[in-house]
Amino acid sequence: MADVYDSLYPTSGPAIDSMITFLDELRPAPASLLELGVGTGRLAIPLAEHGYRVHGVDASPAMLAKLHENDPTGGITSSVADFSALVVEERYDLVLTALNTFFMLPTQELQISCLRGIHDALADGGAAVFETYNPQNYHRLSEATTQIGHLAADALLLDTIQVNRQLQSALVVHTILGPAGLRKVPEVSRYAWPAEFDVMARLAGLRVTGRWAGWDRSPLSELTEKHIVVVERQNA
Ligand SMILES: C[S@@+](CC[C@H](N)C(=O)[O-])C[C@H]1O[C@@H](n2cnc3c(N)ncnc32)[C@H](O)[C@@H]1O
């Protein structure tokens, strides 16, 4: 997806500005920030421009290559790694896992393992922030669903979504239709309800200190599109 990723989500604008404001109120720049699943740097670049010292981890060398192509000052450092088995040399004031990336870990064990790694990666007084979709968005789908998105003047994105409610998993097949033909990219996500997330965090030595419906700290409701969750170390 590295070649089309930046057409899918905004790389600037109000949504990114309000994320930066949220993080700045939590731990202001120039705090150190680790982004898990940093991708093409869509968020990391504006965060670095705001003054955060950003390190990004991603399993995809192609996404990281795009990040360094996009990074105007070359200030962002990165490593190719699986964030379900995170080992970091440094400790960070903020750990960010944005845009449903935490749910890309397909089992409960891997999600707990990731949270343990985050626990160890946090500096004293640090905080980790997760942006996920509301599990209800997918859990309510009783049959396969298709969504259409715009990629470019001559390219279209078709997402077919199939949910397994028992496994809390969603298989999304992204079909990209463009001048180069048709390409399919499957993506599995495993959603966790807030109560389960809280227990997984506790098992990893963390505690949830806040949960909102958006970067503007709006309150949660059942219909909320996303969840913004803040965790800190239990002994902090
Ligand atoms: C949805 S993208 C989000 C990218 C970026 N954070 C953003 O908001 O635009 C998820 C990213 O996580 C990476 N990723 C998924 N699973 C991973 C894993 N287990 N370890 C490291 N990176 C992973 C993917 O390669 C992809 O770049």
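If you're wondering where the values come from, they're calculated on a predicted model, not measured in any experiment.

## Description of unusual backbone geometry
Logical step 1: Going from alanine 29 to proline 30, the amide bond is cis rather than trans, its omega being 10°.
Logical step 2: For proline 30, the location among the structural elements is in the loop between helix H2 (14-26) and strand E1 (32-36).

## Digging into the packing of helix H5 (residues 108-121) against helix H7 (residues 194-203)
Logical step 1: Interaxial distance between H5 and H7 falls to 8 Å at its minimum, and their mutual angle equals 50°. In terms of axis orientation, H5 runs oblique to H7. Of the two elements, H5 crosses H7, and the hand of that crossing is right-handed. The segment H5 lies against H7, with Gln108, Gln111, Ile112, Leu115 and Arg116 engaging Glu196, Phe197, Met200, Ala201 and Leu203.

## Focus: the sheet that holds strand E7 (residues 155-164)
Logical step 1: Ordered in space as E6-E7-E8-E9, the 4 strands form an open sheet in which the pairing is antiparallel. Strands with a single pairing partner mark the edges of an open sheet, and in this sheet they are strand E6 (145-152) and strand E9 (181-190). Taking each pair of neighbouring strands and ignoring which way they run, the sheet shows an average axis angle of 20°.
Logical step 2: Taken together, the 10 bridges between strand E8 (residues 169-178) and E9 define a ladder with antiparallel strand orientation. Residue histidine 174 lies in a different strand from E9, and its bridge partner there is valine 185.

## Let's talk about the UniProt feature "domain: Methyltransferase" (unreviewed entry) in the protein chain
Logical step 1: Per the UniProt record, "domain: Methyltransferase" (unreviewed entry) is found at residues 34-126.
Logical step 2: Helix makes up 33% of residues 34-126 and strand makes up 26%, while its end C-alpha atoms are separated by 11 Å.

## What about the sheet that holds strand E11 (residues 226-233)?
Logical step 1: Overall, mixed pairing links the 7 strands, which are arranged E3-E2-E1-E4-E5-E11-E10 in an open sheet. Single-partner strands in this sheet number two, and they are strand E3 (77-80) and strand E10 (206-212). The mean angle between the axes of side-by-side strands here comes to 20°, regardless of whether they run parallel or antiparallel.
Logical step 2: As defined by bridge partners, E1 adjoins strand E4 (residues 92-97) across 3 bridges and the pair is classed as parallel. Paired with leucine 34 across the bridge in E4 is valine 95.

## Digging into H7
Logical step 1: Residues of H7 that are buried: Glu196, Phe197, Met200 and Ala201. Projected down its long axis, H7 carries its buried residues within an arc of 140°, all on one side. Counted as exposed and oriented over 90 degrees from the buried face of H7: Ala195 and Arg202.
Logical step 2: Of the surrounding elements, those touching the buried residues of H7 are H5, strand E5 (122-133), E9, E10 and E11.

## With respect to empty space enclosed by the protein
Logical step 1: In total, this model carries 1 cavity of 30 Å³ or more according to the counting rule given.
Logical step 2: Its volume calculated, the largest cavity comes out at about 60 Å³.
Logical step 3: Phe103, Thr132, Pro135, Ala192, Trp193, Pro194, Phe197, Arg211, His227 and Val229 together form the lining of the largest cavity.

## Details of the pairing of E3
Logical step 1: In this structure, strand E2 (residues 53-58) lies alongside E3, joined through 4 bridges in parallel fashion. Each bridged residue has a counterpart across the sheet, and for histidine 55 the counterpart in E3 is threonine 77.
Logical step 2: One crossover worth recording links E2 to the parallel E3 by way of helix H4 (residues 61-70), and it is right-handed.

## Some thoughts on the pattern of salt bridges
Logical step 1: Taken as a whole and judged by the stated rule, the model has 7 salt bridges.
Logical step 2: Taking the shortest distance from any N to any O, the salt bridge between glutamate 131 and lysine 226 comes out at 2.5 Å. Of this pair, glutamate 131 sits in strand E5 while lysine 226 sits in strand E11, and the two are 95 residues apart along the sequence.
Logical step 3: Between glutamate 196 and arginine 190 there is a salt bridge, and its shortest N-O distance comes to 2.8 Å. Assigned by exposure class, glutamate 196 and arginine 190 land together as buried.

## Considering the packing of aromatic side chains
Logical step 1: Counted under the stated rule, the structure contains 10 aromatic pairs.
Logical step 2: Measuring from centroid to centroid gives 5.5 Å for phenylalanine 102 and phenylalanine 197, while their planes differ by 75°, and the two rings are edge-to-face. Here the residue phenylalanine 102 occupies a position in the loop between E4 and H5, and phenylalanine 197 occupies one in helix H7, the gap between them amounting to 95 residues. Both residues of the pair, phenylalanine 102 and phenylalanine 197, belong to the buried class.
Logical step 3: Consider the rings of phenylalanine 103 and tyrosine 133, whose centres lie 5.0 Å apart with planes at 75°: the pair is edge-to-face. Linking phenylalanine 103 in the loop between E4 and H5 with tyrosine 133 in strand E5, this pair joins segments that are 30 residues apart in sequence.
Logical step 4: When its relative accessible area of 7% is taken as the criterion, tyrosine 133 is described as buried.
Logical step 5: Three or more aromatic residues link up through ring pairs in this structure, and these residues are Phe102, Phe103, Phe130, Tyr133, Tyr138, Tyr191, Trp193 and Phe197.
Logical step 6: Positioned over the ring face of tryptophan 212 is arginine 217, at 5.1 Å from the centre of the ring.

Calculation rules
Residues numbered from 1 in each chain as written. Predicted model: local features only at pLDDT ≥ 70, side-chain atom pairs only at ≥ 80, totals over all residues. Heavy atoms only, no water. Helix = DSSP H or I, 4+ residues; strand = E, 2+ residues; numbered from the N terminus. Axes fitted to C-alpha atoms, helices over the stretch in contact; angles between N-to-C directions. Parallel < 35°, antiparallel > 145°, perpendicular 65-115°, else oblique. Left-handed = near helix turned anticlockwise from the far one by under 90°. Contact = heavy atoms within 4.5 Å. Pairing = 2+ DSSP bridges. UniProt positions renumbered as here; feature names shortened; annotations may be inferred. Buried < 20%, exposed > 50% of the residue type's maximum accessible area, 1.4 Å probe, protein only. Arc of directions from axis to C-beta. 1 Å grid on protein atoms, 1.4 Å probe; cavity = no way out; pocket = protein on both sides within 12 Å on 5 of 7 lines; lining within 4 Å. Points joined across faces, edges and corners; volume = space filled by probe spheres on them. Right-handed = clockwise from strand over helix to strand, strands pointing away. Salt bridge = Lys/Arg side-chain N within 4 Å of Asp/Glu carboxyl O. Phe/Tyr/Trp six-rings, centres within 6.5 Å; stacked < 30°, edge-to-face > 60°. Lys NZ or Arg CZ within 6 Å of the ring centre and 35° of its normal.

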